[in-house]
Number of protein chains: 2
Amino acid sequence: MDQPPPQRRRTPDPGAGEVGERVRALRRQRGFSLSHLARLAGVGKATLSGLENGTRNPTLETLYAITAQLGVPLTAVLSGPAHEPVVRGAAVTATLLEVFTEAEATFELYRMRVAPGPGQLSPAHQPGVTEHVTVFSGVLRAGPADAPSTATTGGHLRWVSDVPHSYAALGDEEVQATLLLRYPGRTRLFPNLDGSA
Amino acid sequence: MDQPPPQRRRTPDPGAGEVGERVRALRRQRGFSLSHLARLAGVGKATLSGLENGTRNPTLETLYAITAQLGVPLTAVLSGPAHEPVVRGAAVTATLLEVFTEAEATFELYRMRVAPGPGQLSPAHQPGVTEHVTVFSGVLRAGPADAPSTATTGGHLRWVSDVPHSYAALGDEEVQATLLLRYPGRTRLFPNLDGSA
DNA sequence: ATCCGCTGTTCCGTAAACGGAACGGCGACC
DNA sequence: GGTCGCCGTTCCGTTTACGGAACAGCGGAT
């Protein structure tokens, strides 16, 4: 016999609601009303309302029209692991955001999260490598293993990481931070991740 | 007077055709036939065919179902790593790298370059917005217009940017930095009274 | 008080993206 | 030769995302 329609459901969900939440957050940040943004983007208010509330499944064109007026790339509102963690340890999870190749040095910018609890020790990098950490949430104790420093929200740490170094979150809160690695010359930690497809 | 004809056209196009080309390339890489991928993803062959040929404007759900079966994030098929500057002024050029949406706040991470010469003044942001700048090349003088601070390579600046603020590169060298903007998360009608966080 | 103007939601007809089926084309096997 | 299976495209009816209009709620001006 004919099968009934074979389960139109597809995937757990890309986070349909999350996209709407991000759009709404970005819109509010800019002080735009829903009506205003809809007019700017050339889409109906019903469309934007439904999108923000997760009751519609927008087309690429619609979503692009909106994010363009918000001044963000499409990828900024898409949920999910746009970038997969490239460094994962007991406490530290880092995601490569960007690679800057300059004349004198190469920079790798990571978003880093450090879970509360015992810290994590990382081996030495190549000579001349420096790390710059900007904490924007939580309290981080990090630096050379024999002389770490502490930074809280808004704080900044910097050290030469050609020696073993440690990361640890103080307190109960997960640490959110950005990590900037500076390599002299042009050697890269992850040569195949430059995304210059 | 009446609205002018409502200009149904939106934007130059995010590269509708490009998305299709990338999907097709990824599919062929994996040795999948169109029919096979359509079946895997649970979408109609007509849908996938039209998408690859650029004659359809897919919904997020459709595109996600397909990219998931290709084993790539949605962003892999969207207009690539083309980050265009989103802020441009006399001295400052900034590129939005990432948006982090947290429970209490939203963060926008920029890569910023400040050209040597006269600085640039930026208007106040909304209340509660803070800026965190990490300098990794050059000498930057920035902060509230009436009380800027100076940071050199490896330095860090932080200020509340609900007042006009300025950026200027000291010396002849262009300043390279990362800029983290922190927006208080949900726009609350009443300020938080609990004082936590 | 009434009126605005604006917010965001909901209703509704239209346009189009959707899945399924049918199509022509091609290679393998009988 | 015919037949099968799969390829990718096209046709077609259904579903739904779309924009416009109407709606209730609210703050400010008169």
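Owing to the predicted nature of the structure, the values given are computational and were not obtained by experimental measurement.

Draft legend 1. Examining the overall build of chain A more closely. Counting its secondary structure elements, chain A contains 4 helices and 10 strands. Going through the 197 residues of chain A one by one, you find that 44% of them count as buried. Restricting to contacts in chain A with at least 6 residues of sequence separation, those with at least 24 account for 62%. Summed over its atoms, the accessible surface of chain A is roughly 9,500 Å², and 52% of this surface lies on carbon and sulfur atoms.

Draft legend 2. The sheet that holds strand β6 (residues 139-144) of chain B, seen in detail. All names here are of chain B. If you trace the 4 strands from one edge of the open sheet to the other, you get β4-β9-β6-β7, paired in antiparallel fashion. In the strand order of this sheet, the two ends are held by β4 (120-122) and β7 (149-151), each with one partner. Sheet twist, expressed as the mean angle between neighbouring strand axes with direction ignored, is 20°. By the bridge criterion, 3 bridges tie β6 to β7 in an arrangement that is antiparallel. If you follow Arg141 over to β7, its bridge partner there is Thr150.

Draft legend 3. Structural detail: the pattern of salt bridges. Residues and elements named next belong to chain A. The full count for this structure, using the stated rule, is 8 salt bridges over all chains. A salt bridge links Arg113 to Glu174; the nearest nitrogen and oxygen atoms lie 3.7 Å apart. Here the residue Arg113 occupies a position in strand β3 (residues 105-114), and Glu174 occupies one in the loop between β9 (165-170) and β10 (175-184), the gap between them amounting to 61 residues. Salt bridges here are not isolated pairs; linked through shared partners, they connect Arg24, Arg27 and Glu52.

Draft legend 4. Quick look at the pairing of strand β5 (residues 130-137) of chain A. Residues and elements named next belong to chain A. The buried count for β5 comes to 8 of 8 residues, which makes it a mostly enclosed element. Strand direction decides the pairing type here: β5 and strand β8 (residues 156-160), joined by 5 bridges, are antiparallel. Note on β8: the bridge partner recorded for His132 is Arg158.

Draft legend 5. Region of the structure containing the sheet that holds strand β4 (residues 120-122) of chain A. All names here are of chain A. Taken in spatial order, the 4 strands line up as β4-β9-β6-β7 in an open sheet, and their pairing is antiparallel. Looking at strand neighbours, the two that pair on one side only are β4 and β7 (149-151), the edges of this open sheet. The mean angle between the axes of side-by-side strands here comes to 20°, regardless of whether they run parallel or antiparallel. When strand β6 (residues 139-144) meets β9, the two strands line up antiparallel, connected through 6 bridges. Bridged to Val139 within β9 is Leu170.

Draft legend 6. Examining the side chain of Arg27 of chain A more closely. Its location among the elements puts Arg27 of chain A in helix α1 (residues 16-29). Other than its neighbours up to four places away in sequence, Arg27 of chain A contacts Phe32, Ser33, Leu34, Leu37, Glu52 and Leu70 of chain A.

Draft legend 7. Here's a closer look at helix α3 (residues 45-52) of chain B. Those residues of α3 of chain B lying buried are Leu48, Gly50, Leu51 and Glu52 of chain B. Where α3 of chain B ends, the next residue or the one after it, Gly54 of chain B, has phi of about 75°, a positive value.

Draft legend 8. The side chain of His132 of chain A, seen in detail. Within the secondary structure, His132 of chain A is located in strand β5. Side-chain polar atoms of His132 of chain A contact the side chain of Thr130 of chain A, separated by 3.5 Å. Beyond its immediate sequence surroundings of up to four residues, His132 of chain A is in contact with His156, Leu157, Arg158, Thr178, Leu179 and Leu180 of chain A together with Thr134 and Gly154 of chain B.

Draft legend 9. Layout of the confidence of the model for chain A. Residues and elements named next belong to chain A. Residues of chain A with pLDDT of at least 70 account for 73%, and the chain-wide mean is 77. This model gives residues 1-12 a pLDDT under 50, and the stretch forms 9 contacts once residues within four places in sequence are excluded. In this model residues 186-197 is a low-confidence stretch, pLDDT under 50, and it forms 22 contacts with partners more than four residues away in sequence or in other chains.

Draft legend 10. Quick look at the packing of helix α2 (residues 34-41) of chain B against α3 of chain B. All names here are of chain B. Here α2 crosses α3 at 115°, and the two axes come no closer than 9 Å. As for how α2 packs across α3, the hand of that crossing is right-handed. Every residue of α3 that contacts α2 at Leu34, Ser35, Leu37 and Ala38 is listed here: Lys45, Leu48, Ser49 and Glu52. Of the residues contributing to the contact of α2 with α3, the split by class is 4 nonpolar, 2 polar and 2 charged.

Draft legend 11. Spotlight on the environment of Leu48 of chain A. Residue and element names in this part refer to chain A. Along the polypeptide, Leu48 turns up in helix α3 (residues 45-52). For Leu48, a relative accessible area of 0% puts it in the buried group. For the pair Leu48 and Leu34, spaced 14 residues apart in sequence, the C-alpha separation works out to 7.1 Å. Excluding anything up to four places from it in sequence, Leu48 contacts Val23, Leu34, Leu37, Ala38, Val43 and Ile66.

Draft legend 12. Highlighting the environment of Thr47 of chain B. All names here are of chain B. For Thr47, the location among the structural elements is in helix α3. Linking Thr47 and Asn57, residues 10 residues apart in sequence, is a C-alpha distance of 9.6 Å. In this view, Thr47 contacts Arg56 and Thr62; residues no more than four positions away in its chain are not counted.

Draft legend 13. The arrangement of the environment of Ala38 of chain A in detail. Residues and elements named next belong to chain A. With respect to the secondary-structure elements, Ala38 resides in helix α2 (residues 34-41). The spatial distance from the C-alpha of Ala38 to the C-alpha of Ile66 is 7.6 Å, given a sequence separation of 28 residues. Residues contacting Ala38, with those up to four places away along its chain left out, are Val43, Gly44, Lys45 and Leu48.

Conventions used here
- Residues numbered from 1 in each chain as written.
- Chains lettered and ligands numbered in written order.
- Predicted model: local features only at pLDDT ≥ 70, side-chain atom pairs only at ≥ 80, totals over all residues.
- Heavy atoms only, no water.
- Helix = DSSP H or I, 4+ residues; strand = E, 2+ residues; numbered from the N terminus.
- Buried < 20%, exposed > 50% of the residue type's maximum accessible area, 1.4 Å probe, protein only.
- Contact = heavy atoms within 4.5 Å.
- Areas by Shrake-Rupley, 256 points an atom, 1.4 Å probe, with all protein chains shown as cover.
- Pairing = 2+ DSSP bridges.
- Axes fitted to C-alpha atoms, helices over the stretch in contact; angles between N-to-C directions.
- Salt bridge = Lys/Arg side-chain N within 4 Å of Asp/Glu carboxyl O.
- Polar contact = N/O pair within 3.5 Å; in protein donor to acceptor, adjacent residues only side chain to side chain.
- pLDDT = per-residue confidence, 0-100.
- Left-handed = near helix turned anticlockwise from the far one by under 90°.
- Nonpolar A, V, L, I, M, F, W, Y, C, P; charged D, E, K, R; others polar.

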